[in-house]
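# Architecture and fold: a report
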Amino acid sequence: MESAAHQVTRLLRKWSDGDESALDQLMPFVHDELHRLAHRHMRREKPGHVLQTSALINEAYLRLVDQPQIRWENRSHFFGIAARLMRSILVDDARKRNSAKRGGSLIQVPLDEAASLAQEQAANVTALNEALERLEAIDARQGQIVELRFFGGLSIEETANVLQVSPGTVMRDWTFARAWLRTEMTST
Amino acid sequence: MPDPHWENLKELFHAALALAPEQRAAYLDRASNGDASLRRAVESLLKSHEETENFVDAPAYQAAAEMLVDSADLKAGRNIAQYRIVQLLGEGGMGQVYLAEDGKLHRKVSLKFLSTRFTQDHERLRRFEQEARAASALNHPNILTIHEISQAEGRWYIATEFIEGETLRERLQSGINIDDAVDIAIQIASALVAAHRVKIVHRDIKPENTMIRRDDGLVKVLDFGLAKMAPGSAKAEVNSEAETRREANTAPGVVMGTVAYMSPEQARGDAVDERTDVWSLGVVLYEMIAGCSPFVAGTSNEIISGILSKKPAPPLKRYSRDVPERLAEIVEKALTKNREERYQTSQDLLIDLKRLRQSQELKAAMERGSSWEQPGPPISQSPSGEATSLRPEGGTPTVPSASSAEYLIGGIRRHKRGVVIVSALGLVALTATIFGAIRFMNRHQPIQGRGHSPAVRITRLTDTGKATTAAISPDGNYVVYVREDEGKLGLWLRQVGSPTEREIVPPMGGQIRATTFSRDGSVIYYTASAFASPGVLYQVPTLGGTSRKVLENISGPVGLSPDGKHLAFIRTVEGAHHVDSLIVANIDGTEERVLLRREGQAYLDNGPNWSPDGKTIVCGAAVGPDFQLESIVVIPVDGGPERWMTPHRWSHVSNTVWLGDGSGLMVLALENRTVELQLWHISYPGGEVQRVTNDLNGYLEGSLSITADSSVIVAAHEDRSSRIWVAPMGKEEDRARQITAGKFDGLNGVAWTPDGKILCVLKTGDDSDIWLMNRDGTERKQLTADSAVKTRPQMSPDGRHIVFDSVHGESTNIWRMDADGSNQKQLTRGAVWDLGPRFTPDGQWVIFSSWTESGAPKMEKVSIDGGDPVQLTDSWTVAPAISPDGKLIAAGYFDEQQAPHLAIIPSLGGQPIKLLPLPSSVVQGFFFAWTPDSSSLVYAQKHNGVSNIWGQPINGDPPRQLTNFKSDLIFGFGLSADGQQVVLARGTETRDVVLIRDFR
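Residues numbered from 1 in each chain as written. Chains lettered and ligands numbered in written order. Predicted model: local features only at pLDDT ≥ 70, side-chain atom pairs only at ≥ 80, totals over all residues.

## Some words on the overall build of chain B
- Within chain B, the secondary structure is distributed over 18 helices and 57 strands.
- Scored against the burial criterion, the 1000 residues of chain B give a buried share of 51%.
- Restricting the contact set of chain B to residue pairs at least 6 apart, pairs at least 24 apart contribute 51%. (Helix = DSSP H or I, 4+ residues; strand = E, 2+ residues; numbered from the N terminus. Buried ≥ 20, exposed ≤ 12 C-beta atoms within 10 Å, placed from the backbone. Contact = placed C-beta atoms within 7 Å.)

This is how it looks when you write it as structure tokens:
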């Protein structure tokens, strides 16, 4: 049987060669690995330590990918996938939290009336996602930059690498996108 | 193809951003080229940019990873530890909650996963775990049970019982009636009492933390001990007021919900104790009735200001007219801002709520019960819990859930000493026996001194042994008396000098407390009541006819003015603020006028009595400053200061009658440190006191009356006798052996020693002492010889110690002495009565029931070496007995319907794990013994006037009769170590009307 690393590497290659269906097959691998790693980190990290999303993705990448076999660009692709995954995980989660808050569950549990911090964030994530969708419709690259930076936790340089543009361009777009998103979110 | 407008926007934005802020406006003027909307868009982007410092950059970015962990979306069917996830139920302050199935125990549970934000702080986690484990030890039906606190796959979770129902918050939306509100509050208070008992303060009582089970309305309080661990208050357990306000402001959604239930001390940031929970429950109760919280306001800050201000909550009456006065008072007291003046314990609040519920139920029952123009007083419930109806053929007999036990407590609270006698009236079988436990402790020979004045002639008028109170007509021709038949009381009229008598008021439940003839003898007044409710005064024609209600809310007998036109009586307002009023009214009950009011401990005794000249009324009253003793107060009818009639002090003054010439009073009163009411003469105005009777037995409360010519007094008299018997278990009565021949042997206790001898209390002369003898009555040895009353001795399993309860001063406590009677040592202090000590099998502890003035008796234990007692139960439990295997304690108990039960409780205390019904006729006080194999409990039970020993298996099988006596009552017993023999205090008890002549 093909090893996971092999499989992921092969799928990454397929995807970078333009096979979009490879992405769907890649997702479950990355998803599970990210969860697993996140848990492990949480268990062993010291109090106060903030788990960096990019570190997590990096580790997932190192574990998932059969390295000697892979081109450097694959890593960028992988980060792109991971960022998108992260976004979908967080947005789904936020939707769920929001609906639970509205009493969507069958049987009520001691729901604290007050929103928890997580719920506040959930509300933010949902709003951000909606604004981001509007941004993507206008300017796909800016949308990608936000996805990579915010959900993927990538630095300006890493983002530039993934998108194969200059860091200056990423910086400019990022600055604008932030201001736009904020305007969008506060005016609606 | 990029949108040109968009490209333009980007370009302008970046260009403007590159400029110094003060140059941007001028640039935009030029660059926007008159496009106002473009210019506005760039300006708002620039403004947003200034504010974006952290936006999108950091917080959510970091949180993403944490959310990834927390949200790990537990899909249905996923297994975590032994639990299988069924579905997500919701999101709490500390994390997500799932419905899951416990694969091991096959039950549904709620699984609450703590967010990593919460568990990452190890110190906080440690405190949380500690607190949660303490809370998980709480075992109470109204507290959500915590099954487990553990971690799996790196996540902490709490597994709790799963409740199908709704939160009180949801319930509030559909409106709650007053009875339900009180019931819910009682259940929350019960939970609080259990938690406070082990020093766990909830800190966050609110409707969201209260679930109501769908099937039966059972209330469950959630998250005990967790509140202080919740985020927001976690950084410091105590927030300053400023912090509290800041939190309220900065996170309105977060704190708003909790603010409304916050006590003033919480809002101030002071340290909190159980009184904070009392406050919050007060808020919840208020909200259930009013529909809004007491300090409702638009913002958290305004709510906090309302809580902190001196101004009390708006009165509940403003929201609902139907709010009973008492309920409004209770809420007001729970919501007292100064916590020193609030209910000091949840227990006190619980008791008041339960009393309120009971009185509401009784009121409702009485309103339904009967039209008052019909003969006879209200229906009621016999103390056994069986419904009894006044008129079997008619009316709508109902079963008010009167608590005889609580009635007793009420009585005890009111008149510590008086209740001993009061309770004997009309309290049949069971209640009488509960209180028998009380009177038992005090039973003591009358004080030393004279016997009767030599000339006094006492003759018995009745011989049924069932009379409880009596009155003689002014002409001396008739005696009316209350007769107890099968637990019901009826009024009977008897012609003096003739054996004929007839029933004038048929038997009924409840009590008839007192009877009085009108001055012309044509009418009899009597005070009747259901348990625990105020009395109602009725009148009935002497020669028979219809009872008519005269007035309500009266505490005892009436006194009639010499002209027969006015009544005097005592009205009592029970409760936290006790008030007794002496009231004068017209003979038909109209035009009440308060003559004297006494509050708190300064109570008035029942039975005011009008002087022959009509100018004054005399009445028993407690004497300050400590109000421990009583005397007789003379109150001028037309005003003016009252004064004491005599410097003499008694433990209790029952009723009084004037001698016709005004030269003095005859009084039924209790000399200090005795338990039998005796007849006294007090001269007037001299105030000299002389005791007239000195019977071995006493007279019954309120039963004194006199003829117009002062020649004959009538009173109800009690006569008891008891001797010690030893009998083999089994149905052979002829094998029982009487081993003593005194008059009161063993009434104060009999027991076996581990080596098969008999330990008992005997009366010798004036003293009551502990004796040891062989099982055939030989080799008697007196172990104590002091004046203190000692009851219920028990010997330790190792034969080294004897424990007993003993009266010293005003309280009764547990004492210990060596097996030879030396080295007496007091083991408990403080409570009003600590009664019925029993050894644990290892001899290290003594368990007993502890009565306080304010509450129900509870089970406690104290080390044989003394020290602080440990409370074992917080429910009404008396007469504990520990099983020979040391695992279980059996105790007397009343269930919700006030039916008597045997409660089986773990020996370490807590809630009953099993309740076994008891017959209502358990004789002479709850007293239980275990069979040696710990499988059954043994008690004495009366049937048709005869007591026998019965055994009740704890597996719930039907009880079996173990002795076969054909006569006499059993006052006390003890089971031998092998379970084969029983030692008994057996004898008779009668109450009859006596005529007393030549008493002057």
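Next comes the rest of the write-up.
## What to know about the overall build of chain A
- The helix and strand tally for chain A stands at 8 helices and 0 strands.
- The N-to-C order of helical and strand elements in chain A reads α-α-α-α-α-α-α-α.
- Split into buried and exposed, the 188 residues of chain A put 44% on the buried side.
- For chain A, restricting intrachain contacts to residue pairs at least 6 apart in sequence, the fraction spanning at least 24 positions comes to 66%.

## Digging into the sheet that holds strand 17 (residues 511–517) of chain B
All names here are of chain B.
- Spatial strand order, 17-18-19-20: 4 strands in an open sheet with antiparallel pairing. Two strands bound the open sheet, and with one partner strand each, they are strand 17 and strand 20 (548–554). The mean inter-strand angle of the sheet, taken between neighbouring strand axes irrespective of direction, is 25°.
- Direction of pairing for strand 18 (residues 523–529) relative to strand 19 (residues 535–541): antiparallel, over a ladder of 6 bridges. Pairing of threonine 527 across the sheet is with leucine 537, part of strand 19. (Pairing = 2+ DSSP bridges. Axes fitted to C-alpha atoms, helices over the stretch in contact; angles between N-to-C directions.)

## Regarding unusual backbone geometry
- Look at the link from B:Tyr684 to B:Pro685: it is a cis peptide, with omega at 5°.
- Although it is not a glycine, A:Gln164 sits at a positive phi angle of roughly 55°.
- For A:Gln164, the position within the fold is in the loop between helix 7 (156–163) and helix 8 (167–187).

## Observations concerning the pairing of strand 41 (residues 801–808) of chain B
Residues and elements named next belong to chain B.
- Bridge count between strand 40 (residues 790–795) and strand 41: 4 bridges; the pairing is antiparallel. Each residue of the ladder has a partner; that of methionine 795, found in strand 41, is isoleucine 802.
- Bridge count between strand 41 and strand 42 (residues 811–818): 8 bridges; the pairing is antiparallel. Paired with aspartate 805 across the strands is isoleucine 814, a residue of strand 42.

## Describing the sheet that holds strand 27 (residues 629–636) of chain B
Residue and element names in this part refer to chain B.
- Sheet architecture is open: 4 strands sit in the order 25-26-27-28, paired in antiparallel fashion. Single-partner strands in this sheet number two, and they are strand 25 (609–610) and strand 28 (643–644).
- Where strand 25 and strand 26 (residues 616–623) come together, 2 bridges link them in antiparallel fashion. Along strand 26, the bridge assignment pairs asparagine 609 with valine 618.

## Some words on the environment of B:Ser683
Residue and element names in this part refer to chain B.
- Within the secondary structure, serine 683 sits in strand 31 (residues 678–683).
- Note on serine 683: 15 C-beta atoms within 10 Å, which makes it partly exposed.
- As for serine 683 and glycine 662, which are separated by 21 residues in sequence, their C-alpha atoms are 9.0 Å apart.
- Once residues lying within four places of it in the same chain are set aside, the contact partners of serine 683 are Ser663, Gly664 and Glu688.

## Here's the deal with the nonpolar core
Residue and element names in this part refer to chain B.
- Judged by nonpolar contacts, the single largest core of 80 residues is most densely connected at Ala470, Tyr481, Val667, Ala715 and Val993.
- Sort the elements by how many residues they give to this core and strand 30 (residues 664–670) lands first, with 6 residues.
- If we skip the residues at most four places from it in the chain, alanine 470 touches Val479, Val480, Tyr481, Thr515, Ser703, Val714, Ala715, Ala716 and Val993.
- By size, the runner-up hydrophobic cluster in this structure holds 77 residues, among which are Ile163, Ala185, Ala195 and Met211. (Core = buried A, V, L, I, M, F, W, Y, C linked by C-beta atoms within 7 Å.)

## Considerations on the packing of helix 6 (residues 140–151) of chain A against helix 7 of chain A
Residue and element names in this part refer to chain A.
- Put simply, helix 6 and helix 7 touch, their axes get as near as 10 Å, and they point 130° apart. Regarding the angle of helix 6 to helix 7, the classification is oblique. Crossing of helix 6 over helix 7 shows right-handed handedness. Where helix 6 abuts helix 7, its residues Arg141, Gln144, Ile145, Leu148 and Arg149 lie against Thr159, Val162 and Leu163. (Parallel < 35°, antiparallel > 145°, perpendicular 65-115°, else oblique. Left-handed = near helix turned anticlockwise from the far one by under 90°.)

## What about helix 12 (residues 274–290) of chain B?
Residue and element names in this part refer to chain B.
- Spanning 17 residues, helix 12 covers 24 Å between terminal C-alpha atoms, matching the ideal 24 Å at 1.5 Å per step.
- Among the 17 residues of helix 12, 17 are classified as buried, and the element is accordingly described as predominantly covered.
- Positive phi appears at glycine 291, one or two residues downstream of helix 12, with a value of about 90°. (Expected span 1.5 Å × (residues − 1).)

## Side note on the pairing of strand 38 (residues 767–773) of chain B
All names here are of chain B.
- Across the 7 residues of strand 38, 6 count as buried, placing the element largely inside the fold.
- In this structure, strand 38 lies alongside strand 39 (residues 781–782), joined through 2 bridges in antiparallel fashion. Looking across to strand 39, one finds that tryptophan 771 is bridged to glutamine 782.

## A few points about the confidence of the model for chain A
Residues and elements named next belong to chain A.
- With 56% of its residues at a pLDDT of 70 or more, chain A shows a mean pLDDT of 68.
- Across chain A, the secondary-structure element scoring lowest on mean pLDDT is helix 3 (residues 53–64), at 62, and the one scoring highest is helix 6, at 86.
- Counted against residues more than four places away or in other chains, residues 44–51, with its pLDDT under 50, gives 11 contacts. (pLDDT = per-residue confidence, 0-100.)

## Considerations on helix 13 (residues 300–308) of chain B
- Buried residues of helix 13 of chain B: B:Ser300, B:Ile303, B:Ile304 and B:Ile307, and no others. On an axial view of helix 13 of chain B, the arc spanned by its buried residues comes to 100°, and they lie on one face. (Arc of directions from axis to C-beta.)

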